[in-house]
Amino acid sequence: TATCVELEGYNDECSETWKVVLNKAIEMKVNAIIDRGGLLVGVSPRDAVKYLFSKGITHVTFFEDGWRIADSNGRELPKAESPVPEADTMVIYDEARTRGSDMKLKRDAVALLTIDSRTTKDDFMQAVGRLRQFARRQKVIVAYLPSLQLPSGNTTDIARVLRFVVNNSVQAIDSGLIPWCDSATRHGAILGGIPNSLEPCPLALDVLYAAPCVPETPNDRFHRQKNDLLAPNSPIVSQHFFAEIEHRVTRMVQGCLLYTSDAADEEDSVDLGGRRIIKKKKKNSNRSLSMKLT
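In this report, we go over the structure that sits alongside the text. (Residues numbered from 1 in each chain as written. Predicted model: local features only at pLDDT ≥ 70, side-chain atom pairs only at ≥ 80, totals over all residues. Heavy atoms only, no water.)

### Some points on the packing of aromatic side chains
In step 1: This structure, assessed with the given rule, holds three aromatic pairs.
In step 2: The interplanar angle of 80 degrees and the centroid separation of 5.4 Å between the aromatic rings of Trp18 and Tyr51 together place this pair among those described as edge-to-face. Taken as a pair, Trp18 in helix α1 (residues 17-27) and Tyr51 in helix α2 (residues 45-54) lie far apart in primary sequence, 33 residues in all.
In step 3: Note on Phe63 and Trp67: the rings are 5.5 Å apart at their centroids and 80 degrees apart in plane angle, and the pair reads as edge-to-face. (Phe/Tyr/Trp six-rings, centres within 6.5 Å; stacked < 30°, edge-to-face > 60°. Helix = DSSP H or I, 4+ residues; strand = E, 2+ residues; numbered from the N terminus.)

### Considering unusual backbone geometry
As a rule of thumb, non-glycine residues mostly have phi less than zero, and peptide bonds are mostly trans rather than cis.
In step 1: For Lys29, which is not glycine, the phi dihedral falls at a positive 55 degrees.
In step 2: With respect to the helices and strands, Lys29 occurs in the loop between α1 and β2 (32-34).
In step 3: Positive phi outside glycine occurs at Asp65, with the angle close to 55 degrees.
In step 4: For Asp65, the location among the structural elements is in the loop between β3 (59-63) and β4 (67-71).
In step 5: Overall, Asp65 belongs to the exposed group, its relative accessible area being 78%. (Buried < 20%, exposed > 50% of the residue type's maximum accessible area, 1.4 Å probe, protein only.)

This is the structure:
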C-alpha cells in the first residue's frame, strides 16, 4: 500500500528541512525513513538521531562508518553486536543507502519515503525495494515538499507521483540520447575518413556549461550532424553506419526502455528492459579442454 503526504511547515526561509522530515516521521509513527529525496542532507546522522531521541524515540538504526543501533540512554553498538534487533528501532536510510541496503523490518512496517525534483523511476523503485514485504503488509508513505510540482489530473496522489518519476526517467534518458548521437555521428565520420570529422575539445567554462539556445530532439540533432558530416561521395562504410544510427535513434525515441528494480539490483544479469538474462551453462567446455590438453 502506498499513500502520499506533503511536508507542511517548510518554507523558503527555513533551512532546516530535515526537522520537517523527522517531525513528520514521528507524527505518522513510521518504522523507517527512506530519504531518497536527500532531504536529510543538512544534518549529520548522529544529530538526526539525537533529535529523534529528544522527541521520544527510544531506539534508532543509522549508518555512520557502518550500520549502528543507538538508544536514548546513550548506548551505541554496531548492528551486528546490538541486542536490540533493527525491527524494534526506527531505521534511517540516508540517500546513499536507499539502494542495496537490507534491514529486517517488521512485517507490517510503515516507511516514510522522500522524493525530490530529480527522483526517477529507478530511484523510486529502489527506495521502495527496501521494504522487502511491500507486496504484502508493509506500507510506504511518499513525502515531498510543497515546492514539488506534480503532474495535474483527476487521479490519486500516488498515481501522480508515479507519473512524475516516470517522466523524470524519460527526460533523463532523452538527455543522454543527444550526447549519444554526437558520439555516434562523429565515430561514423571518423570511420569513413571524412575530412573535418574530428571535433575540437572546448575548454572554456562558458562553452562547457552553456545551456543550449534552442531545444533539440535527438532526431533533429542527428539529421543536422548528418547533413554537416556526410557528403554525397562519402565512403560506403560511413553511409551504412549513419543509416544504422538513424534506425536506432528512431527506435529509442519511440519507446525508451526503463530500468526496473530487478535491473538495478541484479546489474548485468538483466537487460535494459528488466528482463532476466538466463545464461546457459556450457557443460562440455571443461571436457573438451581436458581432451585438448591430453
